[in-house]
Amino acid sequence: MKIAVMGAMPEEIAPILEKLETYLTIEYAGNKYYEGSYNGIDVVVAYSKIGKVFSTLTATTLIEHFGCEKLLFSGVAGAINSELKVGDLIVATKLSQHDLDITAFGHPYGYVPEGAVYVEANRELIDISKDVAQSLGKKVREGIIATGDQFVANEERKNWIGDTFGADALEMEGGSVAVVCDALNVPFFILRAISDAADMDASFSFDEFLETSAVESAEFVMKMLEVIATK
Ligand code: SAH
């Protein structure tokens, strides 16, 4: 079993690489991929760079080139749901693309023909996350994540995304990774720790909490790997 562990930014995978004792660095398709093992499972770790296009490329490469059979994403996100505070964890039940818009043709937001507004994440992996949360005594919220090529730092835009997609959090990679994994039949799991509230203070909050929130998310994902190793 080979598992992809993916982030978007260096800060999101640094705590993951720290936990691997040794790894091989492979340069491919304009990016670096780190191959190693954790608790007896082969892992390939990478950060994609920010946004839907880079994350699509990286997820596809992890699956098609490196042969990963499951994908776990760890990172940070902006909160839409006001119950989510900085540092809180959210697991995506399903994901959508909030900036995909051909509504001029009568389609709903986030939809293109032969696509779907939402892509559902793997239930088995979500259930493992519940067990892990319980064993760590941590609260993890399940919710909808909306993805777009936009850092949202605007209350009005955030509320529109929340209302239109029923989303609890937003970020810039999960929705595209979901499309790739769904098309290639690879079970996937998207975890995010909140770094900001996607409001006018978002960029300051993001800069302040990126590292600590990234560690929250990464440590949780590594615990999940430990459980997956026993299955
Ligand atoms: N500070 C970075 C840019 C970060 S973009 C730089 O200057 O290089 C925000 C990243 O964190 C994306 O990878 C996205 O997935 C996530 N994210 C966190 N808060 C977000 C928000 N409010 N809107 C969109 N993405 C957000």
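Preceding this section is the structure that the text describes.
The rules behind each value
- Each residue is numbered by its place in its chain's sequence as written, counting from 1.
- Only residues with pLDDT of at least 70 get local features here, since the model is predicted, and only at 80 or more are side-chain atom pairs given and counted; chain-wide, interface and lining totals rely on the full set of residues.
- Side-chain measures were taken over the full set of non-hydrogen atoms in the model, leaving aside hydrogen atoms and water.
- Working definition: a ring pair exists when centres of Phe, Tyr or Trp rings (six-membered ring for Trp) sit within 6.5 Å. Plane angles under 30 degrees give stacked, over 60 give edge-to-face, the rest tilted.
- Strands are runs of DSSP state E lasting at least 2 residues, helices are runs of H or I lasting at least 4, and numbering of each runs from the N terminus.
- Only protein chains enter the calculation, and the probe is 1.4 Å; a residue is then buried if its accessible area is under 20% of its type maximum, exposed if over 50%, and partly exposed in between.
- We call a residue near a molecule or strand whenever a single non-hydrogen atom of that residue lies within 4 Å of it.
- Two N or O atoms form a polar contact when they lie within 3.5 Å of each other; inside protein one atom must be a possible hydrogen donor and the other a possible acceptor, and for residues adjacent in sequence the pair counts only when both atoms belong to side chains.
- The protein chains shown are the only cover counted for residues, whose accessible areas, like all others here, come from Shrake-Rupley with a 1.4 Å probe.
- Any residue that is not Ala, Val, Leu, Ile, Met, Phe, Trp, Tyr, Cys, Pro, Asp, Glu, Lys or Arg is counted as polar, Gly included; the first ten are nonpolar and the last four charged.
- Residue contacts follow a heavy-atom distance rule, with two residues in contact if any of their heavy atoms lie within 4.5 Å.
- Expected span, for any helix, means 1.5 Å times one less than how many residues it has.
- We define the bend at each residue as the angle formed by axes fitted to the 7 residues ending at it and the 7 residues starting at it.
- The salt bridge criterion pairs a side-chain nitrogen of Lys or Arg with a carboxyl oxygen of Asp or Glu, the two atoms within 4 Å.
- Between any two strands, at least two bridges found by DSSP are needed for them to pair.
- Lines fitted to the C-alpha atoms define the axes, with helices restricted to the stretch that makes contact. Angles between their N-to-C directions range from 0 to 180 degrees.
- To sort the angles, those under 35 degrees are grouped as roughly parallel, those over 145 as roughly antiparallel, those from 65 to 115 as roughly perpendicular, and the leftovers as oblique.
- Each helix crossing is assigned a hand: it is left-handed if the near helix lies turned anticlockwise from the far helix by less than a right angle, otherwise right-handed if that turn is clockwise.

(A) Examining the packing of aromatic side chains more closely. The final tally for this structure, using the stated rule, is six aromatic pairs. Here the aromatic rings of Tyr23 and Tyr34 are separated by 5.4 Å at their centres, their planes lie at 85°, and the arrangement is edge-to-face. Here Tyr23, found in strand S2 (residues 23-28), pairs with Tyr34, found in strand S3 (residues 31-38); they are eleven residues apart in sequence, far enough to count as distant. For Tyr23, a relative accessible area of 37% gives the class partly exposed. Tyr34 sits in the buried class, given a relative accessible area of 11%. Every member of this aromatic cluster is reached through a ring pair, and the members are Tyr28, Tyr33 and Phe66.

(B) Quick peek at the site of the ligand. Around the ligand sit 18 residues, and of these Val152, Leu170, Met172, Glu173 and Asp196 come closest. Between the ligand and Gly78 there is a distance of 3.3 Å, counted from a nitrogen atom to a backbone nitrogen or oxygen. Taking Val152, its main chain carries an N or O atom lying 2.9 Å from a nitrogen atom of the ligand. Calculation on the ligand without its partners gives an accessible area of 570 Å², and the protein chains cover 77% of this total. Counting residues per element, the ones that place at least two in the shell around the ligand are strand S5 (70-79), strand S9 (169-171) and strand S10 (188-196). Grouping the amino acids of the shell around the ligand by side-chain chemistry returns eleven nonpolar, three polar and four charged.

(C) Seen up close, the environment of Tyr33. Mapped onto the fold, Tyr33 is located in strand S3. Here the alpha-carbon distance between Tyr33 and Thr58, two residues 25 residues apart in the chain, equals 9.1 Å. The residues contacting Tyr33, other than those within four sequence positions of it, are Leu24, Thr25, Ile26, Tyr28, Val44, Val45, Ala46, Leu57, Thr58, Thr61, Leu62 and Phe66.

(D) A look at helix H6 (residues 202-230). The terminal C-alpha atoms of H6, which comprises 29 residues, lie 39 Å apart, in line with the 42 Å expected from a rise of 1.5 Å per residue. The largest bend in H6 comes to about 55°, at Phe209.

(E) Geometry of the pattern of salt bridges. If you walk through the whole model with that rule in mind, you get twelve salt bridges. Salt-bridge contacts for Glu142 lead to Arg123; the nearest nitrogen and oxygen are separated by 2.9 Å. Of this pair, Glu142 sits in strand S8 (residues 140-147) while Arg123 sits in helix H3 (residues 123-136); the two residues are 19 residues apart in sequence, bridging distant segments of the chain. What makes Glu142 partly exposed here is its relative accessible area of 29%. The class of Arg123 is partly exposed, set by a relative accessible area of 39%. Taken together, the shared-partner salt bridges in this structure form one network comprising Glu12, Glu171, Glu173 and Arg192.

(F) Structural view of the pairing of S10. Burial within S10 is extensive, with nine of its nine residues counted as buried. Of the strand pairs in this sheet, S5 and S10 are connected by eight bridges, and their pairing is parallel. By the bridge assignment, Leu71 is partnered in S10 with Phe188.

(G) Seen up close, the packing of helix H2 (residues 52-65) against helix H5 (residues 174-183). Viewed as axis vectors pointing N to C, H2 and H5 meet at an angle of 30°, and their least axial separation amounts to 8 Å. Judged on the interaxial angle alone, H5 and H2 are roughly parallel. Considering the relative orientation of H2 and H5, their crossing is right-handed. Contacts from Lys52, Ser55, Thr56, Ala59, Thr60 and Ile63 in H2 reach Ser176, Val177, Val180 and Cys181 in H5. Looking at the contact of H2 with H5, its residues break down into five nonpolar, four polar and one charged.

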